[in-house]
Amino acid sequence: MTRYDLHSHSTCSDGVLTPSALVQRAAERGVQVLALTDHDEIAGLNEAQAAARESGITLVSGTEVSVTWQGDTIHVVGLRIDGANPDLDAGLAAVRSGRDRRARRIGDALAAAGIPEAFEGALAYVTSERLVSRTHFARFLVEAGHARDISDAFRRYLGSGKPGYVPHAWASLQEAVGWIRAAGGQAVIAHPGRYKLAEASMRELLGEFRDRGGDALEVVSPSHTPRQYAEYARLARAFGLTCSCGTDFHGPGESRFDFGELPELPKGTEPVWRAW
Ligand code: AMP
Ligand code: MN
Ligand code: MN
Ligand code: MN
């Protein structure tokens, strides 16, 4: 069995390893096909491709696009994209452009909640001047003693409806799928179990996604229980989507699954890599 891991982050977004170190860790831990999928960003792909040639593994060029769909944030992974495509590049730059202003507002909101200088604190964790994310705030909140760990920081301060939460308009679903397809890639709905969507809304999302040219659903993810692997595999089949899997790795000790620890897709599913 080839071991695929089609979702990971480097220092070009909110991961803690450089693209080269990420590829090296994945290779050492038995991953054979790795996708680098930085949030709204493709700047790490060249370095990752070079590292993959060194390590003898296959690097899939990817990204994870932030989308606002009916008021909720949804993540759409693009796989096997052409990183030189101008439509994708311009689209991702536009999505990134609102992040700095949003980060200042998150800092203001946290100050109002009694945590001063969180913006400056988060900046100390930023590893690419092109991208600041809530994860950088979470790392600051943990270090400053306001949260036990990253997920506690989201639970208490950064998650939807919490004191440091600032609503934001990302790309539309149509734009995200359009950019990924323009760049020759396949579009995947990431970690569906993370969205607080009622079943009817989830079905509406998947139907619209498929009709716009979407390809796959991420079935095996640290955000899911084994019961959800089966549930999302069924939903994928019902909507004519293939299935993907990934650790959503951000750094050692930060993710439930490290590289090489991801369970296989449920038996009988059509993998997104079927036609690769
Ligand atoms: P942003 O794109 O700036 O809104 O940040 C989203 C990122 O925050 C995600 O990609 C995750 O890395 C992280 N994140 C969101 N929710 C949680 C959570 N509940 N626990 C841990 N990390 C989270
Ligand atoms: Mn992230
Ligand atoms: Mn995500
Ligand atoms: Mn991710």
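(A) Inspection of the coordination of the manganese ion (ligand 3) at higher detail. Glu64 (OE), His75 (ND1) and His191 (NE2) make up the full set of protein donors to the manganese ion (ligand 3), lying at 2.1 to 2.2 Å. The sequence motif formed by the donor residues of the manganese ion (ligand 3) is E-x10-H-x115-H. In this model, the manganese ion (ligand 3) sits 5.6 Å from the manganese ion (ligand 2). Here Glu64 is found in strand E3 (residues 58-69), whereas its partner His75 is found in strand E4 (residues 72-79), with 11 residues between them in sequence. Both residues of the pair, Glu64 and His75, belong to the buried class.

(B) Fine view of the pattern of salt bridges. Under the counting rule described, the total for this entry stands at 14 salt bridges. One salt bridge in this structure joins Asp152 and Arg148, with 3.9 Å as the shortest N-O distance. Each of the salt bridges in this network shares a partner with another, and the network as a whole consists of Arg25, Arg29, Asp258 and Glu261.

(C) Examining the nonpolar core more closely. In terms of nonpolar packing, the biggest core is built from 68 residues, with Leu6, Val76 and Ile189 touching the most fellow members. Once residues within four sequence positions are removed from consideration, Leu6 is found in contact with Val33, Ala35, Thr37, Val60, Val77, Leu79, Ser244, Cys245, Gly246, Val272, Trp273 and Trp276. Counting 18 residues, the second-largest nonpolar core is a separate cluster that includes Val132, Ala147, Ala153 and Val166.

Criteria and thresholds
- Residues numbered from 1 in each chain as written.
- Chains lettered and ligands numbered in written order.
- Predicted model: local features only at pLDDT ≥ 70, side-chain atom pairs only at ≥ 80, totals over all residues.
- Heavy atoms only, no water.
- Donors = N, O, S within 2.8 Å, 3.2 Å for Na, K, Ca; no water.
- Helix = DSSP H or I, 4+ residues; strand = E, 2+ residues; numbered from the N terminus.
- Buried < 20%, exposed > 50% of the residue type's maximum accessible area, 1.4 Å probe, protein only.
- Salt bridge = Lys/Arg side-chain N within 4 Å of Asp/Glu carboxyl O.
- Core = buried A, V, L, I, M, F, W, Y, C linked by side-chain atoms within 4.5 Å.
- Contact = heavy atoms within 4.5 Å.

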